[in-house]
Amino acid sequence: MGPYLGTAAQDSDRLAADRAWVRWGRAAAVTGMLAWVIAVALIPPDAKLDQGDQQLVQVLRAHTGQGYAAGLLAVLGAVLLAAFVAVLTRLVPEGSPGWDLLRVSLAGCLITQAMVAIGASSGLAGLHAAAGNAGAGLAALGWRGLWLTFLASGVPTIVFTVTGVLGLRQAGLSPPWVSAVGWLSAAAHVLVLAALGQRGAFAPDGIIAGLVPLTTVIWILALAATLPTIASGSRPGRLRNRWVTTGAEGHAVR
């Protein structure tokens, strides 16, 4: 009886730790996605690359504080999203269903969010150049780097999303409707990359390309909302009920 009770106590400790990680993960996901949405909303809508360098510099110069806030919030959102995905991988023990796919998803997420941070830094450099009268060409170069990095992050974003959806489903951490949202997000990123143009709505700084990341936001928030319910039943990858026999009777330990 002793070994069984010891194992049950260990499982109970692991489950308590997992629930604590879930709480931290949910907070990171909600805060990070809120920061990202605010950052996108703060980007001046008239700061378009196809309007010419001089016009772009004038817009950036008129919205300096707003641009700095957007850049810093974007970096914060990237860090917190990576932390949330790390929590998801932490919930699945090594060798359990979905473990390998979630590690690939985490790697894709880290690459994506590193590119987001690099792009935001480039945008901040362009903003600083515009505010400091360093030259229209230099300011435009920094702002162009923001959107080119955003474009380049599309491929690792797709990898992160697809492997995340598959891994979470295998681990039992994502209900079907949340997985469907993830698939829609991946498909939206593929379509935007395929239809990308130099000008208009499908340009890197166009409205369509700017709205597509919102599908990732919705998917992450859906995961965060459903994760406590999914994870509260048992530790993923383990038996949902472990029977401990004491004499002639037994009881289930979760």
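Residues numbered from 1 in each chain as written. Predicted model: local features only at pLDDT ≥ 70, side-chain atom pairs only at ≥ 80, totals over all residues. Heavy atoms only, no water.

### Digging into a nonpolar patch on the surface
A surface patch of nonpolar side chains, about 380 Å² in accessible area, is lined by Val37, Ile207, Ile208, Leu211 and Leu214. Here the nonpolar patch gets three residues from one element, more than from any other, and that element is helix α8 (residues 207-211). Structurally, Val37 can be placed in helix α1 (residues 2-42). (Patch = residues over 30% accessible without salt bridge, like charges linked within 9 Å, V, L, I, M, F, W, Y side chains within 5 Å. Areas by Shrake-Rupley, 256 points an atom, 1.4 Å probe, with all protein chains shown as cover. Salt bridge = Lys/Arg side-chain N within 4 Å of Asp/Glu carboxyl O. Helix = DSSP H or I, 4+ residues; strand = E, 2+ residues; numbered from the N terminus.)

### What to know about the packing of aromatic side chains
Across all of its chains, the model carries two aromatic pairs by this definition. Between Trp147 and Phe150 the ring centres are 5.8 Å apart and the planes differ by 85°, which places this aromatic pair in the edge-to-face class. Residue Trp147 and its partner Phe150 are both found in helix α5 (residues 136-152); the two are separated by three residues, about one turn of the helix. With 5.7 Å between their ring centres and 55° between their planes, Phe160 and Trp219 make a pair best called tilted. Of the two residues, Phe160 sits in helix α6 (residues 154-171) while Trp219 sits in helix α9 (residues 213-231), which places them 59 residues apart along the sequence. (Phe/Tyr/Trp six-rings, centres within 6.5 Å; stacked < 30°, edge-to-face > 60°.)

### Thoughts on the side chain of Thr149
Mapping Thr149 onto the fold places it in helix α5. Of note is the side chain of Thr149, whose polar atom sits 2.6 Å from the backbone oxygen of Gly145. Thr149 has contacts with Met115 and Gly119, leaving out every residue within four places of it along the chain. (Polar contact = N/O pair within 3.5 Å; in protein donor to acceptor, adjacent residues only side chain to side chain. Contact = heavy atoms within 4.5 Å.)

### Some points on the confidence of the model for the protein chain
Per-residue confidence for the protein chain averages 79 on the pLDDT scale, and 78% of its residues sit at or above 70. No element of the protein chain has a lower mean pLDDT than strand β1 (residues 242-246), which averages 29, and none a higher one than α6, which averages 94. (pLDDT = per-residue confidence, 0-100.)

### Focus: helix α2 (residues 53-62)
Turning to α2, its buried residues are Leu56, Val57, Val59 and Leu60. Along α2, the residues classed as buried sweep out an arc of 165° about the axis, all on the same side. Away from its buried face by more than 90 degrees, α2 exposes Gln54 and Ala62. Where α2 is buried, its residues meet α3 (64-90), α4 (99-131) and α5. (Buried < 20%, exposed > 50% of the residue type's maximum accessible area, 1.4 Å probe, protein only. Arc of directions from axis to C-beta.)

### Digging into the nonpolar core
Of all hydrophobic cores here, the largest spans 28 residues; its most connected members are Phe84, Leu168, Leu173, Trp219, Ile220, Leu223 and Leu227. Contact partners of Phe84, with chain neighbours within four places excluded, come to Gly25, Arg26, Ala28, Ala29, Ile220, Leu223, Ala224 and Leu227. (Core = buried A, V, L, I, M, F, W, Y, C linked by side-chain atoms within 4.5 Å.)

### Side note on the environment of Ala129
Here Ala129 is to be found in helix α4. Taking the C-alpha atoms as reference, Ala129 lies 9.1 Å from Arg61; in sequence the two are 68 residues apart.

### Observations regarding the environment of Trp219
Given the relative accessible area of 2%, Trp219 is considered buried. Separated by 41 residues in the primary sequence, Trp219 and Val178 have C-alpha atoms spaced 6.7 Å apart. Leave out the neighbours within four places in its chain, and Trp219 touches Phe160, Thr161, Gly164, Val165, Leu168, Val178, Val181 and Gly182.

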